[in-house]
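# Architecture at a glance
Below, each chain spelled out in residue letters.
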Amino acid sequence: MSVAASRDGLLTGALRRIGAVGVFFGAVLLQCVPALARPRLIVHQVYNAGARSLIIIMLCGFFVGMVLGLQGFDLLQRFGSEDALGVAAALGLLKELGPVVTALLFAGRAGTALTSEIGLMRATDQLTAMQMMAVDPMQRIVAPRFIGGVIAMPLLVAIFNMVGLFGAQLVGVQLMDVDAGAFWSQMQGAVQLNDVQEGFIKSVVFGTACSLVAVYEGYHTEPTAAGVGLATTRTVVTSSVLTLLLDYILTAAFL
Amino acid sequence: MTDSNRPTSASAQADDVVVEVKGVHYAVGRREIFAGLDVIARRGRITAIMGPSGTGKTTLLRLITGQTAPTSGELHVWGERVSTLARRDLYALRRRMGMLFQNGALLTDLDVFENVAFPVREHTRLSEPLIRELVLTKLHAVGLRGAARMMPSELSGGMARRVALARAVVMDPELLIYDEPFVGLDPISMGVIVRLIRQMNRVLGITSIVVSHDVRELAAIADDSYLLSQGRCVASGSPEELHRSESEVVRQFLDGVADGPVPFHYPAPDYRDQLLGVGRRAQRGRAA
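So, how was this worked out
Residues numbered from 1 in each chain as written. Chains lettered and ligands numbered in written order. Predicted model: local features only at pLDDT ≥ 70, side-chain atom pairs only at ≥ 80, totals over all residues. Helix = DSSP H or I, 4+ residues; strand = E, 2+ residues; numbered from the N terminus. Contact = placed C-beta atoms within 7 Å. Domains from an automatic or database assignment. Pairing = 2+ DSSP bridges. Expected span 1.5 Å × (residues − 1). Buried ≥ 20, exposed ≤ 12 C-beta atoms within 10 Å, placed from the backbone. Arc of directions from axis to C-beta. Nonpolar A, V, L, I, M, F, W, Y, C, P; charged D, E, K, R; others polar. Axes fitted to C-alpha atoms, helices over the stretch in contact; angles between N-to-C directions. Parallel < 35°, antiparallel > 145°, perpendicular 65-115°, else oblique.

### A word on the overall build of chain A
Helix and strand content of chain A: nine helices and zero strands. Put simply, 88% of the contacts in chain A that link residues at least 6 apart link residues at least 24 apart.

Right, here's the structure in full:
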């Protein structure tokens, strides 16, 4: 009985949480319209979420590209088609690895920063102080950060892909002696606009999901030191799981 | 009752009421915080809300500012029933108020100048030179013009509260609410804050509500005082009247007596029984 009761409790809790996130998402979207009228705040948040994540994104993109080059070369040479390495690396990065790995890194770097920042504002009464000054924190704090995250993600994915391709090319062409002409021309010939679109749509969806989770967790932080820590952890876990779940759904939809 | 601006007739008194708390009940879960609370704050006066820790003083401020709603009873600010106001109306009401938080609640990513300028930038379209003049005037009033470019993390507790006070008055509010303004301050900072509260009230004519348990400081500045205990207002009047009171609750609070109508011990099982584990042994016996 207790197992069934706790299972029901978990289910109810999960449903309540999903509902709360849904309502919060609606409220954020409503506040996005007035927030767009203050582009300076949004640019600042794009800088915070995007530019400050650049180094980790580029570094990881480079290594992911190099690994892709090695693995791709190893696999393709078994079939004597190592010239297709450029296509394999480009499609792998554009459609899958670029958006997914960037989203996971975004959740760990920018997502946690957003949650802890808003959470600390909650814990130190800054959000309440804003409300007392008749300033809506949803419009002034949450919406610009959410929009900033949504804009930053596709830009980060594009940079990740570019650096990743450079890494794959470095390993494939420079180290493994794949023909440079074949590498680039086959890539150019095989990669379609649809592939780029798929990656772009994924990046926007992941950006929306990760930013939403980050601002939601920050805004609903329990106002204690432990509460901020817990909210930050939840941001990483929820964003990562959500990214992979959405990735499966989107991939299935695009195929 | 010697103050010249104290209203003389009943109708004048009614006109002068800024905040009226009438028979308010408020509970968190099963715990009742207020059980029929009555408080009135009048225009241009400093109203002190006193009481031991945990009596719901800060909760009362949250009710007055519409951050939470009473379980029952009525709470009016400038004649408006706060708990029934739509968000837009509530925000319009709050624009006429200023609030000083216990910890200052300064925005940590903005410097002192920008903190004070924050409400001005949000609510007006004043030119930059005008905002600068306004902010520097307010910072000068609290003695921190020289700290305009410091970050909140570089300020002492007293300085942070003075900056928060400058921010609270920058929009020239009609009602200023202070939540424990003296907590954790050294005597000099406390004296400065007491002087500033009095100045804001006397010079600018701002109605003030001060929540605190610092009896001496409040006695120096308050026109009216309310003493809360166990969910009700147990005494009210001028600080002098409260000091003359023979009520046990008032005497315990003002004289700082550890035990009395407000018990020293939080409700607990019998000390001897608990130490000897009588209850636990009996429980184990029943379980066996």
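### Some thoughts on the domain arrangement of chain B
Residues and elements named next belong to chain B. Considered domain by domain, chain B is made up of domain 1 (15-96 + 174-287) and domain 2 (106-172). On a C-alpha basis, the centres of domain 1 and domain 2 stand 28 Å from each other. Among the elements that make up the side of domain 1 that touches domain 2, the one with the highest residue count is helix H7 (residues 187-204) (five residues).

### Digging into the pairing of strand S10 (residues 232-237) of chain B
All names here are of chain B. Pairing analysis gives five bridges linking strand S9 (residues 224-229) to S10, with the strands arranged antiparallel. What sits directly across from Ser229, in S10, is Arg232. Linking S9 back to S10 in an antiparallel pair, the connection comprises two residues, with Gln230 at a positive phi of about 50°.

### Things to note about helix H5 (residues 128-141) of chain B
Residues and elements named next belong to chain B. End to end, H5 covers 20 Å across 14 residues, agreeing with the expected 20 Å (1.5 Å per residue, within 8%). Three or more residues of H5 are buried, namely Val135, Lys138 and Leu139. Down the axis of H5, the sector holding all buried residues measures 100°, keeping them to one side. Exposed side chains of H5 directed beyond 90 degrees from the buried face belong to Pro129, Leu130 and Glu133. Looking at the buried positions of H5, the neighbouring elements they touch are helix H4 (112-123) and helix H6 (157-169). Immediately downstream of H5, the backbone of Gly143 shows phi near 75°, a positive value.

### Points about the environment of Ala103 of chain A
Residue and element names in this part refer to chain A. Turning to its location among the elements, Ala103 is positioned in helix H4 (residues 85-123). Between the alpha carbons of Ala103 and Val163 there is a distance of 16 Å; along the sequence they are 60 residues apart. Apart from the residues within four sequence positions on either side, Ala103 is in contact with Met153, Phe206, Cys210 and Thr243.

### Let's talk about the interface of chain A and chain B
It is common to report an interface's size as the accessible area lost on association of the parts. At the junction of the two partners, chain A supplies nine residues and chain B supplies 14 residues. Taken together, the residues of the side of chain A that touches chain B sort by class into five nonpolar, three polar and one charged.

### Section: the packing of H6 of chain B against H7 of chain B
All names here are of chain B. Between H6 and H7, the least distance of the axes is 10 Å, while the angle of their chain directions is 10°. In terms of axis orientation, H6 runs roughly parallel to H7. Along the contact surface, H6 presents Gly158, Arg161, Arg162, Leu165 and Val169, while H7 presents Ser189, Val192, Ile193, Leu196 and Met200. Grouping the constituent residues of the contact of H6 with H7 by class yields six nonpolar, two polar and two charged.

### Overview of the sheet that holds strand S1 (residues 17-28) of chain B
Residues and elements named next belong to chain B. On the basis of which strands lie adjacent, the open sheet formed by four strands has the order S2-S1-S4-S5 and antiparallel pairing. Looking at which strands have only one partner, the edges of the open sheet turn out to be strand S2 (31-42) and strand S5 (80-81). By the bridge criterion, two bridges tie strand S4 (residues 72-77) to S5 in an arrangement that is antiparallel. Directly across from Val77, in S5, lies its bridge partner Glu80. Where helix H2 (residues 57-64) meets the sheet, its contacts fall on S1, S2 and S4, and the angle it forms with S1 comes to roughly 115°.

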